Amino acid sequence: MTKDAELQVDFVGGAVGHRLRFGGGRGQDLAKAMGLRKGKTPVIVDATAGLGRDSFLLASLGAQVTMIERSDKMHALLRDGMEAAAREGGVIGEIIERMTLLHGDAKDLLPKLAGEAVLIDPMHPPRKNSALVKRELRQVREIVGTDEDAADLLRVALEHARNRVVLKWPAKADPMEGVRACSHQILGKSTRYDVFMLG
């Protein structure tokens with residue numbers, strides 16, 4: 001059995017490049033959940049950056065996105081990926097210019113950022129079925145662990161976001177415990193977005 005390839009953050013090729021070309025623009029579930037619509041482009045904070053793909057998608061649709069990553073290793077991978085994409089220039093370089101990367105705990109940083117819309121995509125609870133999680137996701141989990149404090153982060157976001165908080169969650173998972181009910185949901189095949197409207 002071959003050893004897993006080293007995890008990389010790639011904003012130029014692969015899944016990200018494909019989604020950029022064929023993604024469906026502001027009609028995508030994530031864009032709708034975050035409040036991107038004609039004439040409206042909120043300032044976004046991605047509180048759990050991970051591989052940066054959601055941030056890149058939102059930035060490709062014109063949003064200014066601040067990414068927060070607390071894992072040293074994941075932060076370094078994101079920084080390398082952003083630097084490589086910036087060197088690429090062109091459209092990809094322009095998208096990267098709309099992305100800012102911060103290193104730290106989102107619970108500490110969110111109160112200072114006052115984002116209009118905050119995205120939270122915690123490492124999800126292990127699936128109820130035992131199908132092997134995608135290799136890449138497994139590698140991310142090995143680096144960042146499980147987000148035991150996800151409910152705390154969501155509560156901080158609800159306190160400090162200006163307009164909305166969006167929780168990206170497995171479609172069939174129970175609502176996050178200890179947090180108020182969301183305003184509405186956008187349901188995809190495997191993922192749902194719990195949208196909390198504020199103010």
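Residues numbered from 1 in each chain as written. Predicted model: local features only at pLDDT ≥ 70, side-chain atom pairs only at ≥ 80, totals over all residues. Heavy atoms only, no water.

S.K.: How do you make sense of the overall build of the protein when you look at a structure like this?
M.R.: Helices and strands together make up the secondary structure of the protein, namely eight helices and seven strands. Sorting the 199 residues of the protein into buried and exposed places 46% on the buried side. When contacts within the protein are restricted to residue pairs at least 6 apart in sequence, those whose partners lie at least 24 apart make up 67%. Carbon and sulfur atoms make up 51% of the accessible area of the protein, which amounts to about 10,700 Å² in all. (Helix = DSSP H or I, 4+ residues; strand = E, 2+ residues; numbered from the N terminus. Buried < 20%, exposed > 50% of the residue type's maximum accessible area, 1.4 Å probe, protein only. Contact = heavy atoms within 4.5 Å. Areas by Shrake-Rupley, 256 points an atom, 1.4 Å probe, with all protein chains shown as cover.)

S.K.: Help me out: how do you make sense of the sheet that holds strand E7 (residues 191–197) in this one?
M.R.: Hydrogen bonds between backbone atoms are what pair the strands of a sheet, whose relative direction is either parallel or antiparallel. With respect to topology, seven strands assemble into an open sheet ordered E3-E2-E1-E4-E5-E7-E6, the strand pairing being mixed. If you trace the sheet from one side to the other, it starts and ends with strand E3 (99–103) and strand E6 (184–187), each paired once. Sheet twist, expressed as the average angle between the axes of neighbouring strands with direction ignored, equals 20°. With five bridges joining them, strand E2 (residues 65–69) and E3 adopt parallel strand pairing. What sits directly across from Val-65, in E3, is Met-99. The sheet contacts of helix H3 (residues 53–60) involve strand E1 (44–46), E2, E3, strand E4 (117–120) and strand E5 (164–170), and relative to E2 the element is tilted by about 175°. (Pairing = 2+ DSSP bridges. Axes fitted to C-alpha atoms, helices over the stretch in contact; angles between N-to-C directions.)

S.K.: What am I meant to see in the side chain of Thr-48 here?
M.R.: Inspection of the secondary structure assignment puts Thr-48 in the loop between E1 and H3. Polar contacts involving the side chain of Thr-48 include one to the main-chain amide nitrogen of Asp-121, which spans 2.7 Å. If near-sequence neighbours (up to four positions away) are discounted, Thr-48 is found in contact with Ile-68, Glu-69, Leu-119, Ile-120, Asp-121, Pro-122 and Leu-153. (Polar contact = N/O pair within 3.5 Å; in protein donor to acceptor, adjacent residues only side chain to side chain.)

S.K.: Looking at this model, I keep getting lost on helix H8 (residues 150–160). Mind explaining?
M.R.: Structurally, the α-helix is built with 3.6 residues per turn, so residues lying three or four positions apart point the same way. For H8, the full list of buried residues reads Ala-150, Ala-151, Leu-153, Leu-154, Val-156, Ala-157 and Leu-158. The secondary structure elements touched by the buried residues of H8 are helix H6 (106–113), E4, E5 and E7.

S.K.: Just to check I follow, could you spell out the pattern of salt bridges for this structure?
M.R.: Close approach of charged atoms allows side chains with opposite charge to pair. Applying the stated criterion across every chain yields a total of 10 salt bridges. In this structure, the salt-bridge partner of Arg-70 is Asp-105, at a minimum N-O distance of 3.3 Å. Placement of the pair is Arg-70 in the loop between E2 and helix H4 (72–88) and Asp-105 in the loop between E3 and H6, with a sequence separation of 35 residues. Taking the relative accessible area as the measure of exposure, Arg-70 reaches 38% and is therefore partly exposed. Of the charged contacts in the structure, one is a salt bridge between Lys-107 and Asp-149, with a shortest N-O distance of 2.5 Å. Of this pair, Lys-107 sits in helix H6 while Asp-149 sits in the loop between helix H7 (135–144) and H8, placing them 42 residues apart in sequence. Of the residues examined, Lys-107 reaches a relative accessible area of 23% and is grouped as partly exposed. (Salt bridge = Lys/Arg side-chain N within 4 Å of Asp/Glu carboxyl O.)

S.K.: Even after reading the chapter, I still don't get the packing of H4 against helix H5 (residues 90–97), so can you show me in this structure?
M.R.: Packed helix pairs are characterised by how far apart their axes lie and by the angle those axes make with each other. At their nearest, the axes of H4 and H5 sit 6 Å apart, and the two run at 135° to each other. Between H4 and H5, the interaxial angle falls into the category oblique. Considering only the axes of H4 and H5, their crossing is left-handed. Contacts between H4 and H5 involve Met-82, Ala-85, Ala-86 and Glu-88 from the first element and Gly-90, Ile-92, Gly-93 and Ile-96 from the second. (Parallel < 35°, antiparallel > 145°, perpendicular 65-115°, else oblique. Left-handed = near helix turned anticlockwise from the far one by under 90°.)

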